[in-house]
Amino acid sequence: MRIVVAEDSVLFREGLVRLLAEKGHEVLDAVGDAAALQESVDRNRPDLAVIDVRMPPAMESDGAEAAAALRVLYPDLGLLLLSQHIELRHVLPLVGTPGFGYLLKDRVLDLADFTAAAERVATGGSALDPAVVQSLVHARAGSTLDDLSERELDVLGQVAQGLSNTAIADKLVVSDRTVEAHIRSVFTKLGLPDEGTNRRVLAVLRYLEAR
Amino acid sequence: MRPGTVRLLTGLAALAVLASAAYVAALGNWALVGACAACAFAVAVGWVIVRHDPTSPVGPALAWTTAAIAVVTVHVGPLAELPWSSGAWPLNLAGLLALMLVFPDGASSGRVWRAVPWAFGVATLGMVAVQWGARQVDGEVVGGPNGAWVPPVAVLSLLTIGLSLVLAAASLAVRYRHGTRRTRQQTRWLLLAGIVVVALLVAGWVAEGLGASLDAAYTPFLIAIVTLVPISVGIAIVRYDLFDVDRLLTGATAWLVTLVVSATIFGLAVYGVSHALSIGTGLTSGVAAFVTALTLLPVQRHIASWVGRIVDRDRHVAVAEVERFAADVRAGRRQPEEIEAVLRKVEDDPDLVVHLARPDGGWTRLDGTPVADPPDGFSIEAGGDVIASVSLGWDSARARRRIADVAKAAWVPLEVTRLRLVLREALTETEASRQRLVEASAAERRKLERDLHDGAQQRIVATGMRLRLLQEHLPAEQAAEVDTAVAELRGTVDELRRIAQGVRPILLDDGLAAALTAVKASSPIPFDLMVGDLPAVSDIRMLTAYLVVTEAVANVLKHAQASRISVTVAARQDRLAVEVVDDGIGGVPDDAPLTALRDRVVSVGGTLGIRSTPSGGTTIQAVV
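Fair warning: this is a prediction, and the values are worked out from it, not measured in the lab.

What chain B contains, in helices and strands, is 17 helices and 12 strands. For chain B, the residues scored as buried account for 33% of the 624 residues in total.

Moving on, we get to the sheet that holds strand 3 (residues 353–357) of chain B. Residue and element names in this part refer to chain B. Strand order across the open sheet formed by 5 strands is 5-4-3-7-6, with antiparallel pairing between neighbours. Strands with a single pairing partner mark the edges of an open sheet, and in this sheet they are strand 5 (370–371) and strand 6 (378–382). Along the sheet face, helix 13 (residues 397–471) touches strand 3, strand 4 (363–364), strand 6 and strand 7 (385–391) and points at about 60 degrees away from the line of strand 6.

Moving on: the nonpolar core. Within the largest apolar cluster, 68 residues are counted, with the highest numbers of intra-cluster contacts made by Val17, Cys39 and Ala67 of chain B. When near neighbours in sequence (up to four residues on either side) are disregarded, Ala67 of chain B contacts Ala13, Ala16, Val17, Cys39, Val43 and Gly95 of chain B. Within the second largest apolar cluster, 62 residues are counted, among which are Val5, Val41, Leu48 and Ile51 of chain A.

Turning our eyes to something else, we now look at the packing of helix 5 (residues 111–130) of chain B against helix 6 (residues 150–178) of chain B. Residue and element names in this part refer to chain B. Close contact between helix 5 and helix 6 brings their axes to 8 Å; oriented N to C, the two are set at 150 degrees. Taken together, the axes of helix 5 and helix 6 lie roughly antiparallel to each other. Viewed along their axes, helix 5 and helix 6 form a crossing whose handedness is left-handed. For the pair formed by helix 5 and helix 6, the contact residues are Val112, Trp113, Val116, Ala119, Phe120, Ala123, Gly126, Met127, Ala129 and Val130 on the first element and Val150, Val153, Ala154, Leu156, Ser157, Thr160, Ile161, Ser164, Leu167, Ala168 and Ser171 on the second. In the contact of helix 5 with helix 6, the residues fall into 16 nonpolar, 5 polar and no charged.

For the rest of this paragraph, the subject is the pairing of strand 4 (residues 78–83) of chain A. Residues and elements named next belong to chain A. Counting buried residues in strand 4 gives 6 out of 6 residues, a clear majority hidden from the surface. Of the two faces of strand 4, the one holding Gly78, Leu80 and Leu82 and the one holding Leu79, Leu81 and Ser83 are both buried throughout. When strand 3 (residues 48–52) meets strand 4, the two strands line up parallel, connected through 5 bridges. Of the residues in strand 4, the one forming a bridge with Leu48 is Gly78. At this point the chain moves from strand 3, through helix 3 (residues 62–73), to the parallel strand 4, and the crossover so formed is right-handed. As paired strands, strand 4 and strand 5 (residues 100–104) are joined by 5 bridges and run parallel to one another.

With that out of the way, let us pick up the sheet that holds strand 10 (residues 575–582) of chain B. Residues and elements named next belong to chain B. With mixed pairing, the 5 strands of this open sheet are ordered in space as 8-9-10-12-11. Of all the strands in the sheet, just strand 8 (527–531) and strand 11 (607–612) have a single pairing partner and so form its edges. Ignoring strand direction, the axes of neighbouring strands in this sheet form an average angle of 10 degrees. Across 5 bridges, the pairing between strand 8 and strand 9 (residues 565–572) is parallel. What sits directly across from Val531, in strand 9, is Val569.

All names here are of chain B. Position of Pro350 among the secondary structure elements: in the loop between helix 12 (339–347) and strand 3. With 10 C-beta atoms counted inside 10 Å, the residue Pro350 sits in the exposed group. Measuring from C-alpha to C-alpha, the distance between Pro350 and Gly393 comes to 7.2 Å, with 43 residues separating the pair along the chain. When neighbours within four sequence positions are excluded, Pro350 is seen to be in contact with Arg344 and Gly393.

Moving on, we come to the pairing of strand 7 of chain B. Residues and elements named next belong to chain B. In this sheet, strand 7 lies alongside strand 3 in antiparallel orientation, the contact comprising 4 bridges. Looking at strand 7, one finds that His355 is bridged to Ser389. Relative to strand 7, strand 6 runs antiparallel, the two sharing 5 bridges. Across the sheet, Phe378 pairs through a bridge with Val390, a residue of strand 7.

This part takes up the interface of chain A and chain B. Facing the 23 residues of chain A at the interface are 26 residues of chain B. At 6 residues, the largest contribution of residues to the side of chain A that touches chain B is made by helix 1 (residues 10–22) of chain A. Residue classes in the side of chain A that touches chain B are distributed as 9 nonpolar, 7 polar and 7 charged.

The next thing to look at is unusual backbone geometry. Of note, the amide linkage connecting Pro56 of chain A to Pro57 of chain A takes the cis form, showing an omega dihedral of 10 degrees. Residue position: Pro57 of chain A is located in the loop between strand 3 and helix 3. Residue Pro104 of chain B is bonded to the preceding Phe103 of chain B through a cis peptide linkage, with omega at 0 degrees. Mapped onto the secondary structure, Pro104 of chain B falls in the loop between helix 4 (91–102) and helix 5. Its identity as a non-glycine residue notwithstanding, Val173 of chain A has a phi of 55 degrees, on the positive side. You can see Val173 of chain A is positioned in the loop between helix 7 (165–172) and helix 8 (176–189). Residue Val173 of chain A is classed as exposed on the basis of its C-beta count, with 6 C-beta atoms lying within 10 Å. The phi torsion at Asp348 of chain B lies on the positive side, around 50 degrees, for a residue other than glycine.

Residue and element names in this part refer to chain B. Between helix 1 (residues 3–27) and helix 3 (residues 58–73), the least distance of the axes is 9 Å, while the angle of their chain directions is 25 degrees. When the axes of helix 1 and helix 3 are compared, the pair comes out roughly parallel. The hand of the helix 1/helix 3 crossing is left-handed. Of the residues in helix 3, those touching helix 1 at Val6, Leu9, Thr10, Ala13, Ala14, Ala16, Val17 and Ser20 are Gly59, Pro60, Ala63, Trp64, Ala67, Ala70 and Val71. Considering only residue class, the contact of helix 1 with helix 3 consists of 12 nonpolar, 3 polar and no charged.

About the cut-offs
- Residues numbered from 1 in each chain as written.
- Chains lettered and ligands numbered in written order.
- Predicted model: local features only at pLDDT ≥ 70, side-chain atom pairs only at ≥ 80, totals over all residues.
- Helix = DSSP H or I, 4+ residues; strand = E, 2+ residues; numbered from the N terminus.
- Buried ≥ 20, exposed ≤ 12 C-beta atoms within 10 Å, placed from the backbone.
- Pairing = 2+ DSSP bridges.
- Contact = placed C-beta atoms within 7 Å.
- Axes fitted to C-alpha atoms, helices over the stretch in contact; angles between N-to-C directions.
- Core = buried A, V, L, I, M, F, W, Y, C linked by C-beta atoms within 7 Å.
- Parallel < 35°, antiparallel > 145°, perpendicular 65-115°, else oblique.
- Left-handed = near helix turned anticlockwise from the far one by under 90°.
- Nonpolar A, V, L, I, M, F, W, Y, C, P; charged D, E, K, R; others polar.
- Right-handed = clockwise from strand over helix to strand, strands pointing away.

In structure tokens:
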């Protein structure tokens, strides 16, 4: 996997580069601000950009804005945003779309989870931090999700994080079949069509809408 | 009146005086020549008035007050033989009548007033008719017509002449009542002269009573009538604001009244002492003078104040009005700031301006508008300090004295206004500085939150990352140790994040609704949240609204034993109305301290209300 890292804190940037290299990925470039990121992606055409949300020059949401801009230029580029806190304003349209991830920075301390999420995003999957999901769930009141049971909401939340059925089953300590049953029930309750392969994406979108 | 007519009439008056003087001079009657010369003074003043105001009828009227007297007086010698010489005496009063009818700014309109000169003229003819051909011989009237018509015509004519004079005086009074400030002041000058003349007349009586000769007793009176009246009329028309006429008038009247009272007391004392003690005349007068002085001393002040009230009524009313206002202010019925309007009313001066002295030496208007230059007005002092200054739009000796009189009554409302202004300014300054502090602390919170996120938290994560990388190369036993260390670091990061959240929730960047949603999410009991369309408010207001909710919710969870919390945030004009309702045990007193909460709300200029009934839950309402 070919990766560009954009992170202004030298300490954290070097750690990330080493970590990703250690896991066998090719880090093409490591930059410290939003403009350099844009230029580096233009030059290197990576599979994945790991981006710090808060970066120079403004130290506000420069990284998030750069990510939104990159998505327009390179629809296939995987975007993994890292932040110290949940701050979704500038990337809201991207949340839940394929090839987008948003994690709190301390997730990198779980090396396996982090690299799995990075790989998922690079290959067009999704990776949302549980904290992001939680904040999105509570953001909606009186939506179509009211009909879902607690368990079904749990499962849908995991789906939204980008986990596969098997991964969800492992996490919730139930069988694959149970997970499948829950997901089918969710699809039905949300009125999603039986046909087609993108029902998971639709369910996640429904889950994330109205924010 | 047309300028030509005015000049003609005045000129005729001068001619009449000249002709009279020439006639008596030819007769060699030098006493009457002197009288004519005295009469010429009024004519001269009349001419000055004509030059000053060529259309005013006052000039010719004044000229004729003495010219007519001169013409009547010189009916001596051959002229006394003329058949009308005995009956023409009412003409002595013609000039005075005209003066009273036209002073100070022309004749009054209205049929009654216009009829007065005609009635007077007809009555004068009547008097001439009943004494046609009569002559005085050794004090006895001889000759004249006989017949039944004579007595009634004589009586009727006399009554008419008297009535005419009364009506003329009445017209003067009416013009005074309805007149402008200027006509009133002018009329006062005439009144002043009249009072002095009357006083001198009384003095003449007294002198005559004490045995003075007729000439000695009444000469001051006669001189006064031919000099004081023209002088006062002249001043009234040409320079009515020359002196403070009210003070002169009040003083003159008080003097007259005192004179009459003292003469009476003196007379009674002389009579009583001489009869009771049968002592010498010299001693009697001495005792009488002593008794008079003793009696007058205490009453003098009362007479002066009583006369002032009657004669200078405007001033008395003005002072009373301001005193009433001051009493109303003390009783809380009126606002002290109305003092300027009150002073404008009593001074009848819409351009009057009150300035207040500030403690720093500057000056302001009543509404607090600062004034660049120190005002050039009448200073009002209290306790040795100048507290205010009154600038007159209509500046005159009289207005200045009036303001000095009412200022004594006005200083309390002025001082209250001034102190309130100073207090208000101090409060505004305090509020502004508190606002600055609040904003500074909001900025501090933001910076602190930044520092926690981007500084400490980031370094801890980076360190954790290095440990993880190190871990890959360690044997299993030590690797487990690293796991523990990393878990520790994670806990620290979580802790820091929670602290930063309390300092200023980052979710506020996404709006109050987003931040409150997170509060709802962390609530262990059912939590209803309704957030309406909110106006754009400053960060500090939004943070305050958020903190009101979090602190109120924390209180509910800690104390209220509630089963449900309901939070509503709505727009109220350009502010946020926050309401936190619980169904708990209630019983929070209305004046519960809740100091932190209240301080927060008040510091951004908001209000906080608490409603709580035992077992009926608690409602906290805040507007920020």
